[in-house]
Amino acid sequence: MFYKKNVYDCFKELKKDYLCIYYNEPLPIKIRLVDSINFISGYSKTHLNRLAITELTKLLIDELKSTTLIILFNHFERLTERSLQIYQYLNSRENIHFICSFSIVKTFKPDVYLFLKTFKLINEEEYKVENTTNEINITYIVYAIISVYCFFIYMKTSFSCSMASLLIGGAWFAFLIFRTLMYTGGRS
């Protein structure tokens, strides 16, 4: 899976060594299946156009047998519920592989997003740069403030005889609070 990359470049490199099919758009699914079967087997398009999507899917799998097919397409985010089912089924086959790209993250439907998560994102750095906000982790600062606050509470409530033992005990107590908060709150 690529983010904002035209997979046609991959197709040009892979078609020399593998059985590959490239589509700019994943839809309409029936036309994509007809074109795939036509490319693999040489059936006439008019014969294939009469078949239902489930029949076309079965025919594609039967025609492939054990041959590996790589399907490449852009605009993964445009998948519909019906096309998603077909692509998920094809993806479950061991001899059918997908190389896809997406560009608009905000338009993902939940089902499409779950399917996206089954793929490995190749250019993850570019995706993170464009789609994450500039966040500052203030976890340790909050832990330190809470620890200092607990230190002052300890000093106020402590009945020690010596001021030195009071300060050491308060510092130790604050350190334990800080460590406990890091352990329970997690580390980044």
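Residues numbered from 1 in each chain as written. Predicted model: local features only at pLDDT ≥ 70, side-chain atom pairs only at ≥ 80, totals over all residues. Heavy atoms only, no water.

A. Quick look at the nonpolar core. In this structure, Met 1, Leu 33, Phe 73, Phe 76, Leu 90, Phe 98 and Phe 102 are the most contacted members of the largest nonpolar core, which totals 35 residues. Looking at this core, the elements that each hand over two or more residues are β2 (19-23), α2 (29-41), α4 (53-64), β3 (69-73), α5 (81-92), β4 (96-102) and α6 (110-116). Considering each element in turn, this core owes the most residues, six residues, to α4. In this structure Phe 73 touches Val 7, Tyr 23, Pro 26, Tyr 87, Phe 98, Ile 99, Cys 100 and Ser 101, once residues within four positions along its chain are discounted. In this structure, Phe 2, Phe 11, Cys 20 and Ile 70 belong to the second largest nonpolar core, which totals eight residues. (Core = buried A, V, L, I, M, F, W, Y, C linked by side-chain atoms within 4.5 Å. Buried < 20%, exposed > 50% of the residue type's maximum accessible area, 1.4 Å probe, protein only. Helix = DSSP H or I, 4+ residues; strand = E, 2+ residues; numbered from the N terminus. Contact = heavy atoms within 4.5 Å.)

B. Spotlight on the packing of aromatic side chains. Overall, the coordinates contain 16 aromatic pairs when judged by the stated rule. Their ring planes at 55° and their centres at 5.3 Å tell us that Tyr 3 and Phe 102 sit as a pair that is tilted. Highlighted residues: Tyr 3 in strand β1 (residues 2-3) and Phe 102 in strand β4, separated in sequence by 99 residues. Judged by relative accessible area, Tyr 3 falls into the buried class, the value being 3%. (Phe/Tyr/Trp six-rings, centres within 6.5 Å; stacked < 30°, edge-to-face > 60°.)

C. The confidence of the model for the protein, seen in detail. Counting all residues, the mean pLDDT for the protein is 84, and 91% of those residues have values of 70 or more. Mean pLDDT in the protein bottoms out at helix α3 (residues 45-49), which sits at 77, and peaks at β3, which reaches 93. (pLDDT = per-residue confidence, 0-100.)

D. Quick peek at the packing of α2 against α4. It is the contact of α2 with α4, at a shortest axis distance of 10 Å, that shows an interaxial angle of 25°. In terms of their interaxial angle, α2 and α4 are classed as roughly parallel. Viewed along their axes, α2 and α4 form a crossing whose handedness is left-handed. On α4, the residues touching Ile 29, Lys 30, Leu 33, Val 34, Ser 36, Ile 37, Ile 40 and Ser 41 of α2 are Ile 53, Leu 56, Thr 57, Leu 59, Leu 60, Glu 63 and Leu 64. Partitioned by chemical class, the residues of the contact of α2 with α4 number ten nonpolar, three polar and two charged. (Axes fitted to C-alpha atoms, helices over the stretch in contact; angles between N-to-C directions. Parallel < 35°, antiparallel > 145°, perpendicular 65-115°, else oblique. Left-handed = near helix turned anticlockwise from the far one by under 90°. Nonpolar A, V, L, I, M, F, W, Y, C, P; charged D, E, K, R; others polar.)

E. A look at the side chain of Asn 123. As for its placement among the helices and strands, Asn 123 is situated in the loop between α6 and α7 (124-131). When neighbours within four sequence positions are excluded, Asn 123 is seen to be in contact with Met 1, Phe 2 and Tyr 3.

F. Fine view of the side chain of Asn 74. Within the fold, Asn 74 resides in the loop between β3 and α5. At a separation of 3.0 Å, a polar atom in the side chain of Asn 74 contacts the main-chain amide nitrogen of Val 7. With sequence-adjacent residues up to four places away left out, Asn 74 is seen in contact with Lys 5, Asn 6, Val 7, Tyr 22, Tyr 23, Asn 24, Glu 25, Pro 26 and Ser 101. (Polar contact = N/O pair within 3.5 Å; in protein donor to acceptor, adjacent residues only side chain to side chain.)

G. Expanded view of the pairing of β4. A large share of β4 lies buried, amounting to six of its seven residues. Two strands pair when backbone bridges link them, and β1 and β4 are joined in this way by two bridges, in the parallel orientation. When the bridges of β4 are listed, Tyr 3 appears paired with Phe 102. Relative to β4, β3 runs parallel, the two sharing five bridges. Looking at β4, one finds that Ile 70 is bridged to His 97. (Pairing = 2+ DSSP bridges.)

H. Looking closely at the sheet that holds β2. A sheet is described by the order of its strands in space; here four strands give the open sequence β1-β4-β3-β2, paired in parallel fashion. The open sheet has two free edges, formed respectively by β1 and β2, since each of these has just one partner strand.

I. Highlighting the pattern of salt bridges. Enumeration according to the criterion identifies four salt bridges in this entry. In this structure, Arg 78 engages Glu 25 in a salt bridge whose closest nitrogen and oxygen atoms are separated by 2.3 Å. Note that Arg 78 is positioned in the loop between β3 and α5 and Glu 25 in the loop between β2 and α2, a separation of 53 residues in sequence. Owing to a relative accessible area of 40%, Arg 78 belongs among the partly exposed residues under this scheme. A salt bridge links Glu 124 to Lys 128, with the nearest nitrogen and oxygen atoms 3.4 Å apart. (Salt bridge = Lys/Arg side-chain N within 4 Å of Asp/Glu carboxyl O.)

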